[in-house]
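Chain by chain, the residues run as shown.
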Amino acid sequence: MVDRRLVPPPTVIVLFGATGDLAHRLVLPALFRLAQEGLLPEDWRLVGNGRGDVSHENFQERVRKSLEELGPKPDDGPWEEFRSRLRFAGGGFDAADPGSLLDVLKEAHEELGQTARYVHYLAVPPTAFAKLTEGIGEHGLARGSRVVYEKPFGTSMESFRELDRAAHKVFEESQIYRIDHFLGKEAAQDIHVLRFANGLFARSWDRRHIDSVQIDVPETLDVATRADFYEHTGAILDMLVTHLFQLAGEVAMEPCDNLDAECIAAAREEVIGCFRKLTWDDVVVGQYEGYRDTDGVAPGSRTETFVAARLWVDNDRWEGVPFLLRTGKCLAESRQRVTVRFRAPERCLAGAPPLGNCLSFELSGDGEIDLTVVAKQPGVTLSLGTATTKLPLGKAFHTPSLPAYSRLIHDVLIGDRSLFTRPDGLEHVWEVAGDLLVDKPEPIGYPKGSWGPQEAQALAGPDGWVLQHR
């Protein structure tokens, strides 16, 4: 039974870049999953926009093929009803020429009623954000609407500020949703819930009790057909200053009195403001062997496919506690893991293994919380080892988990901004990491299937990266 408070009012979703890769892989499947769960508005339309001359029927067939390839499968949900609400407006869109979008939106409003709300979803490269935003304002589509910007919201401090000015010329801050899908993962949300709602952890979440925090997102995949995109981003821009910094903010934020959207968002952005500026003394970049042989990659490319960083949070709670961030392509495993390493007792038992006392959040899939403790090994001798208990979030409760994009799109529809980034935190991100983007060293080569350059091991200290020992 769906809680009616979670069902949004009539809405027209305008999907810019509707025939692109992001819409195909993530946005359209996420919307269909919401339809399966009964979490879309009681009446809605999705109007795809692009430069191509695509009929409504052809667009509907493209969406069906996306679902057949990536799921949820059309046959597993209300496909015919979903299909009937899909429209397409070709001819492009900007301030000077709206293409056919205004005509198609007029028809949608006639079907839904003039009180229907717009949600503009910009599933396009960042270079197109400003022009589309200007067009939305010029053609009177901004009032009372909401807008979703994909990451990265800018590629430098200068471009961030330019885009932020362009967005605020058209929208109020309360209308803007800057999406970072890692914040929509079930286990990511459980970081602050587990901490704030359980005295066992709330009282020990500080430098006196925590030795280090590791945020580890290795991938086994290479850049494949995304080489052109990756050449313009690299691991620092694609992952470090977006997903990994936001997750560090989730772990490090100060306690909130409640889980209100503004309270959570403000606490996350406030602690990001305490991140110390990164220098190359605390950062290692690498490039997997064979990357330069990929189609679309320059022969002498210095684009990093791996980055590891040791981040410091300059406040009383976290003084002296390293936040270890690592991500890369063609590594030994694909994981999305946040590990909080607690300090060993002052009078630790002799023979205790070094990697006990860990609380981990696995963000991939439905999510999982793991608690690793030191325990006696069964038998007649007093031998100590580590044991892990697991809480699979997708099976622990009767309610189903939602994929991150579905959760975040639903939050946009109901107006919940707690899992979205804000300009104050994003500006400080560029202050912390901006120098890394303008003066990159030659990346260190590493074999495919490894854990990256050996130089990154030293950042984690003598005990190393926890994930490599699991």
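Residues numbered from 1 in each chain as written. Predicted model: local features only at pLDDT ≥ 70, side-chain atom pairs only at ≥ 80, totals over all residues. Heavy atoms only, no water.

(A) Layout of the overall build of the chain. Scanning the chain from terminus to terminus reveals 14 helices and 15 strands. Radius of gyration (C-alpha) of the chain: 23 Å, near the 23 Å computed for a compact globule of 470 residues. When the backbone C-alpha atoms are referred to their principal axes, the chain occupies close to 75 × 55 × 40 Å. The 470 residues of the chain split such that 53% are buried. The long-range fraction of contacts in the chain, counting pairs at least 24 apart against all pairs at least 6 apart in sequence, stands at 76%. Split by element, the accessible area of the chain, about 20,700 Å² in all, is 49% carbon and sulfur. (Helix = DSSP H or I, 4+ residues; strand = E, 2+ residues; numbered from the N terminus. Rg over C-alpha atoms; globule rule 2.2 N^0.38 Å. Buried < 20%, exposed > 50% of the residue type's maximum accessible area, 1.4 Å probe, protein only. Contact = heavy atoms within 4.5 Å. Areas by Shrake-Rupley, 256 points an atom, 1.4 Å probe, with all protein chains shown as cover.)

(B) Region of interest: the packing of helix 10 (residues 234-252) against helix 14 (residues 423-438). Two elements in contact, helix 10 and helix 14, have axes whose closest approach is 11 Å; the angle formed by their N-to-C orientations is 140°. Every pair of crossing elements has a handedness; the one defined by helix 10 and helix 14 is right-handed. Contact with helix 10, carried on its side by Ile 236, Leu 237, Leu 240, Val 241, Phe 245 and Gln 246, involves Leu 426, Val 429, Trp 430, Val 432, Ala 433, Leu 436 and Leu 437 of helix 14 and no other residues of that element. The residue makeup of the contact of helix 10 with helix 14, split by class, is twelve nonpolar, one polar and no charged. (Axes fitted to C-alpha atoms, helices over the stretch in contact; angles between N-to-C directions. Left-handed = near helix turned anticlockwise from the far one by under 90°. Nonpolar A, V, L, I, M, F, W, Y, C, P; charged D, E, K, R; others polar.)

(C) Layout of the sheet that holds strand 12 (residues 358-362). The sheet built from nine strands is open, its strands ordered 14-13-12-11-7-10-9-8-15 with mixed pairing. Looking at the sheet topology across the chains shown, the edges are occupied by strand 14 (384-392) and strand 15 (444-446). Between one strand axis and the next, the sheet turns by 20° as a mean value, whatever way the strands run. Note that strand 7 (residues 210-218) and strand 11 (residues 337-342) share six bridges and pair antiparallel. Across the sheet, Asp 216 pairs through a bridge with Arg 337, a residue of strand 11. Against the sheet, helix 10 contacts strand 7, strand 8 (283-288), strand 9 (306-311), strand 10 (323-328) and strand 11, and its axis sits at roughly 145° relative to strand 10. (Pairing = 2+ DSSP bridges.)

(D) Representation of the pattern of salt bridges within the structure. Taken as a whole and assessed by the stated rule, the structure comprises 38 salt bridges. Between Glu 254 and Arg 317 there is a salt bridge, with the nearest N and O atoms lying 2.8 Å from each other. Within this pair, whereas Glu 254 is found in the loop between helix 10 and helix 11 (261-272), its partner Arg 317 is found in the loop between strand 9 and strand 10, the two being separated by 63 residues in sequence. For Glu 254, a relative accessible area of 30% corresponds to the partly exposed category. Taken together, the shared-partner salt bridges in this structure form one network comprising Glu 333, Arg 335, Arg 337, Glu 362, Glu 368, Asp 370 and Lys 390. (Salt bridge = Lys/Arg side-chain N within 4 Å of Asp/Glu carboxyl O.)

(E) Focus on the packing of helix 1 (residues 21-36) against helix 13 (residues 404-414). For the pair helix 1 and helix 13, interaxial distance at closest approach is 8 Å and the crossing angle is 70°. Our classification of the angle between helix 1 and helix 13 gives roughly perpendicular. In the crossing of helix 1 with helix 13, the sense of the turn from one axis to the other is right-handed. Between helix 1 and helix 13, the contacting residues are Leu 22, Leu 26, Val 27, Ala 30, Leu 31, Arg 33 and Leu 34 on the first element and Tyr 405, Ser 406, Ile 409 and His 410 on the second. In terms of residue class, the contact of helix 1 with helix 13 is built from eight nonpolar, two polar and one charged. (Parallel < 35°, antiparallel > 145°, perpendicular 65-115°, else oblique.)

(F) Region of interest: the packing of aromatic side chains. Applying the stated criterion to the full structure yields 16 aromatic pairs. Measuring from centroid to centroid gives 6.3 Å for Trp 205 and Phe 342, while their planes differ by 70°, and the two rings are edge-to-face. Here Phe 342 lies in strand 11 and Trp 205 lies in the loop between helix 8 (199-202) and strand 7, a separation of 137 residues in the sequence. Of the aromatic side chains, those joined through ring pairs into one cluster are Phe 32, Trp 44, Trp 79 and Phe 82. (Phe/Tyr/Trp six-rings, centres within 6.5 Å; stacked < 30°, edge-to-face > 60°.)

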